[in-house]
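Structural description and commentary
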Amino acid sequence: MIGIIDYGAGNLFSLQRALRHLGRPTRLVGSELDWSGLRGVILPGVGSFAAAMSGLRQKKLEKPLQDWLGAGRPFLGICLGLQLLFSGSAESPQETGLDFFAGRCSLFEQARVPQLGWNRVSFTGPHFLWQGIADHSFFYYANSYHAPLNGGPPVLGRSTHGRPFPAALAAGEICAVQFHPEKSAEPGLRLLANWSERCRP
Amino acid sequence: MPAVRLIPCLDVKAGRVVKGVSFRELRDAGNPAELAGRYYEQGADEIVILDIAATLEERCTLLKTVRAVAESIFVPLTVGGGLRSLEDIRAALQAGADKVSLCSSALADPELISRAARQFGSQCVVLAIDARKTASGWRACSHAGTLDSGRDALAWAREGRDLGAGEILLTSMDRDGRGTGYDLELLAAMRAAVDLPLIASGGAGTPEQLLDAIETGGADAVLLASMLHYQRYSIPQLKSFLKEKGVQIR
């Protein structure tokens, strides 16, 4: 069973639908009590950095999430869900993130924001997330902020919007993508299928 | 930079896709889920569904339509027409929309834009502007183009951006459904007025006109209806034309 963290904002339906299409059962995780029996956890993200963090705290999800990350169990952060892994973001300067990775997210400069649309991802090397996906494939983005360019976890791929930025990151089983795989047609579905394989018993 | 998006638009009335000329003389163009599924398979970058009747009784029909369409496509889905409150917007998102398009309701209640952006994020809020040319510039119209709001379309776009809209869907009322080309002057004026992603709509009839909207008008995306619904052109055909012309296309 794959858990989708529900902190009260955002469209979780697209993600549930995509995983259902792939034959992978999901369960919404909206409290500290819903964590038993999970093999993998997805942190989706829509809305602002501060609103998401306060939603996670209100629903007492921050601590179990940090424990999950600390244990190195299969995890996928999507869009804001990638940014929340860092210590902070220029979007909400007063707010502390999950602080699993060091560094702060910043606003795109010299490029139109939000970045809305399909952008190519150049892989930095082979990875289980990219299996069966062609290098330079297009993925769908909807973001104004991006992960730090240096000093963060290993970068699996980059896109360019004004400047190159991390499209996907991973440290062991902890993966995160800045684009929306659930909205990225075939390559996106394949990525979700690849990640889901890591959640098998 | 993101690729230029080709976005089929399904105008829906009573559960069917319709298409008219300048929002009138509506003709049936098919079943929404079937058309959306076909466009997804052909490589549509996004799908827009606009409920053009948007009466209360049709709202449930629309949500049913959205659910059916969302089930089979894995690209972004934008839904608009008669969304007047955060509850309406939430219902559309829960039915499977990724973004909502606000037009008349935003003109009547501009704060709806900021409430929606705060709750669901700017990337979720598309400001749709139906613009009609007058002696003193373009006016933003409401109620499917039947009422002149009295607002200048460009000023309204800037206000919408400041309130938190993440994207502008700009329709030329004068060109809609005619196939005579986009209003390039309007597009270029809007491009200069706001630095948000801009979707060109109203008037597409030939592949060359799409290229004009992108190159001369500065559009980030083009909305297509008549051109596709009656199978005059297919998405792969349009994409390969634009690619050959050097446009970055998915």
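Our structure is the block above this text.
The paragraphs below set out a description of the structure included in this document. Note that the structure is predicted; figures quoted are calculated from it, not measured.

Secondary structure summary: chain A contains five helices and 13 strands in total. Computed over the C-alpha atoms, the radius of gyration of chain A is 15 Å, within 12% of the 17 Å expected from 2.2 N^0.38 for a compact globule of 201 residues. Along the first, second and third principal axes, the C-alpha set of chain A runs to 45 × 40 × 25 Å. Each of the 201 residues in chain A was classed as buried or not, and the buried ones make up 52%.

Contacts between the two partners involve 25 residues from chain A and, on the opposite side, 25 residues from chain B. Elements supplying a minimum of two residues to the side of chain A that touches chain B: α1 (13-21), β7 (115-120), β9 (138-143) and α5 (185-197) of chain A. Of all the elements, β7(A) adds the most residues to the side of chain A that touches chain B, at five residues. Of the residues assigned to the side of chain A that touches chain B, the class counts are twelve nonpolar, nine polar and four charged.

This part is about helix α3 (residues 86-94) of chain B. Residues and elements named next belong to chain B. Among the residues making up α3, those that are buried are Asp88, Ile89, Ala92 and Leu93. Buried residues along α3 cover an arc of 135° about the axis, so they all sit on one side. Within two residues after α3, Gly96 carries a phi angle of roughly 125°, on the positive side.

For the rest of this paragraph, the subject is the pairing of strand β1 (residues 5-13) of chain B. Residues and elements named next belong to chain B. β1 sits mainly inside the fold: nine of its nine residues count as buried. Both β1 and strand β12 (residues 221-224) contribute to a ladder of four bridges, which runs parallel. Bridge assignment links Arg5 to a residue of β12, and that residue is Ala221. Two elements, β1 and strand β4 (residues 47-51), share four bridges in a ladder whose sense is parallel. By the bridge assignment for β4, Leu10 is matched with Ile49. Across three bridges, β1 lies against strand β2 (residues 16-21) in antiparallel orientation. Following the sheet pairing, Val12 is matched in β2 by Val17. The hairpin turn running from β1 into β2, its antiparallel successor, is two residues long, and Ala14 in that turn takes a positive phi close to 50°.

On to the sheet that holds strand β8 (residues 122-123) of chain A, then. Residues and elements named next belong to chain A. Strand order in this open sheet of eight strands is β2-β1-β3-β4-β13-β12-β11-β8, and the pairing throughout is mixed. The strands lining the two open edges of the sheet, one partner per strand, are β2 (26-29) and β8. Pairing analysis gives three bridges linking strand β3 (residues 40-43) to strand β4 (residues 75-78), with the strands arranged parallel. The residue of β4 that forms the bridge with Ile42 is Leu76. Sheet contacts for α1: β1 (2-5), β2 and β3; angle to β1, the most-contacted strand, approximately 165°.

Residues and elements named next belong to chain B. It is the contact of α3 with helix α5 (residues 111-120), at a shortest axis distance of 10 Å, that shows an interaxial angle of 45°. As judged from the angle between their axes, α3 and α5 are oblique. Here α3 and α5 pass one another in a crossing that is right-handed. Contact residues: Leu86, Ile89 and Leu93 in α3; Arg115, Ala116, Gln119 and Phe120 in α5. Looking at side-chain class alone, the contact of α3 with α5 contains five nonpolar, one polar and one charged residues.

Rules and cut-offs
- Residues numbered from 1 in each chain as written.
- Chains lettered and ligands numbered in written order.
- Predicted model: local features only at pLDDT ≥ 70, side-chain atom pairs only at ≥ 80, totals over all residues.
- Helix = DSSP H or I, 4+ residues; strand = E, 2+ residues; numbered from the N terminus.
- Rg over C-alpha atoms; globule rule 2.2 N^0.38 Å.
- Buried ≥ 20, exposed ≤ 12 C-beta atoms within 10 Å, placed from the backbone.
- Contact = placed C-beta atoms within 7 Å.
- Nonpolar A, V, L, I, M, F, W, Y, C, P; charged D, E, K, R; others polar.
- Arc of directions from axis to C-beta.
- Pairing = 2+ DSSP bridges.
- Axes fitted to C-alpha atoms, helices over the stretch in contact; angles between N-to-C directions.
- Parallel < 35°, antiparallel > 145°, perpendicular 65-115°, else oblique.
- Left-handed = near helix turned anticlockwise from the far one by under 90°.

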